[in-house]
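Below, each chain spelled out in residue letters.
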Amino acid sequence: MSKKKLLFFSVVTSLLLSACNAAKVPMSVKEHDMSSMEPVTGDETKSDWTLPKDPKANEDVPMSIVIKDKHDKLIKQFETVSEKKMHLVIVSKDLSYFSHIHPTLKDNGEFTITTKFPAGGDYKMTAEMTPVGASEYSLEDHWVHVAGDEPKPKPIVPDKNLTKVIDGKKVTLSFENELKAKKNTNITFTLYDEQTKKPIKDLQPYLGTIGHAVAIDKDLKHFLHVHPIYTKTTGPEVTFMTYFPNKGIYRIWGQFNIDGNILTVPFTLEVF
């Protein structure tokens, strides 16, 4: 089965996944030319996912992920990227649930992790990794149905107010111009302490940088993982450059380390 792959680079790194099946992301853009956001394509990896036959909500679900090259040869060695061998993002079909976790790489090349799903329903899992010696990042995805009570799907509609308060922190999302598809776009998260009203200026590194952001469109076809432009900042502003491949509605989650606690803030945006 063929797979579509797309890669977009920001000043640091921007990853785009476009496909209903697994996809991978070539890394052919050199560091001195990382302002280029045009997609390149490739087809270098495959994946095998092993989970229990009928995983249940709120119970431990062990899983393993095996990455192979295009010739079905097992890949055992992977680069450490953002302090991890693999990043695994799990979202519910209505994007109301988000998890960013990190499987462990075993000597035999198998990635393993145990997690829990909060409710019944369908979830999409996207794994991001870089085989040693590869010229590109790889992204592989897998759908899983979880048994249990399924909550009523929440509508995915653009936020009218781009300021939210979560865990006592006030976060505002802003951008320079109207969000448009197929254009480089800077988006900025600004963080304050809700009680004191003071800007948060002492953000700590999270996975090797000052913040992470993941964006997924409402149809779960496009996946973007972006890192900050200005890595030396400690707040209150954290700016990401990204590139939305198509018009539509996207949910974006910003993640920041505040006093050792990871704050995850979602916003829903419309891209024109």
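Residues numbered from 1 in each chain as written. Predicted model: local features only at pLDDT ≥ 70, side-chain atom pairs only at ≥ 80, totals over all residues. Heavy atoms only, no water.

Okay, the pairing of strand β9 (residues 110-115) next. The pairing of strand β5 (residues 61-69) with β9 spans six bridges and is classified as antiparallel. Bridge pairing links S64 to T112 in β9. As defined by bridge partners, strand β8 (residues 104-105) adjoins β9 across two bridges and the pair is classed as antiparallel. Each residue of the ladder has a partner; that of T104, found in β9, is T112. Two successive antiparallel strands, β8 and β9, enclose a turn made up of four residues, where G109 displays a positive phi of approximately 90 degrees. (Pairing = 2+ DSSP bridges. Helix = DSSP H or I, 4+ residues; strand = E, 2+ residues; numbered from the N terminus.)

Further remarks concern the sheet that holds β8. The antiparallel open sheet is built from four strands, whose spatial order is β4-β5-β9-β8. Because the sheet does not close on itself, it has two edges, and the strands there are β4 (45-50) and β8.

Our next topic: the side chain of D94. Looking at the element boundaries, D94 is found in the loop between β6 (86-92) and β7 (98-101). Buried charge without a salt bridge: D94, with R251 as the nearest opposite-charge side chain at an N-O distance of 6.0 Å. A polar contact is formed between the side chain of D94 and the side chain of S96, at a distance of 2.7 Å. In this structure the side chain of D94 is engaged in a polar contact, spanning 3.0 Å, whose partner is the backbone nitrogen of K154. Once you skip the residues sitting within four places of it in the chain, D94 turns out to touch K152, P153, K154, I156 and R251. (Buried < 20%, exposed > 50% of the residue type's maximum accessible area, 1.4 Å probe, protein only. Lys, Arg positive; Asp, Glu negative; His and termini not counted. Salt bridge = Lys/Arg side-chain N within 4 Å of Asp/Glu carboxyl O. Polar contact = N/O pair within 3.5 Å; in protein donor to acceptor, adjacent residues only side chain to side chain. Contact = heavy atoms within 4.5 Å.)

This part is about the nonpolar core. Counting residues in each nonpolar core, the largest one holds 27 residues, and the members touching the most others are L173, F189, L191, L203, F240, I252 and F267. Contributing elements (two or more residues each) for this core: β13 (169-175), β14 (184-193), β15 (212-217), β16 (222-226), β17 (237-243), β18 (248-258) and β19 (261-271). At five residues, the largest contribution of residues to this core is made by β19. Setting aside residues up to four positions removed in sequence, F240 forms contacts with T185, N186, I187, F189, G211, H212, A213, V226, H227, P228, I229 and F256. (Core = buried A, V, L, I, M, F, W, Y, C linked by side-chain atoms within 4.5 Å.)

Okay, the packing of aromatic side chains next. Within this structure, the stated rule accounts for eight aromatic pairs. Ring geometry for F189 versus F267: centroids 6.1 Å apart, planes at 55 degrees, classification tilted. Pair noted here: F189 is in strand β14 and F267 is in strand β19, with a separation of 78 residues, a long-range link. Of the two residues, F189 and F267, neither departs from the other in class, the shared state being buried. Through successive ring pairs, a cluster of aromatic residues spans F189, F240, F256 and F267. Positioned above the aromatic ring of F267 is the side chain of K164, whose terminal nitrogen or guanidinium carbon lies 5.2 Å from the ring centre. (Phe/Tyr/Trp six-rings, centres within 6.5 Å; stacked < 30°, edge-to-face > 60°. Lys NZ or Arg CZ within 6 Å of the ring centre and 35° of its normal.)

Further remarks concern the side chain of S138. Assignment of secondary structure puts S138 in strand β11 (residues 136-146). Judged by its relative accessible area of 1%, S138 falls in the buried class.

This brings us to the confidence of the model for the protein. Scored by pLDDT, the protein comes out at a mean of 85, with 84% of its residues at no less than 70. Counted against residues more than four places away or in other chains, residues 1-42, with its pLDDT under 50, gives 138 contacts. (pLDDT = per-residue confidence, 0-100.)

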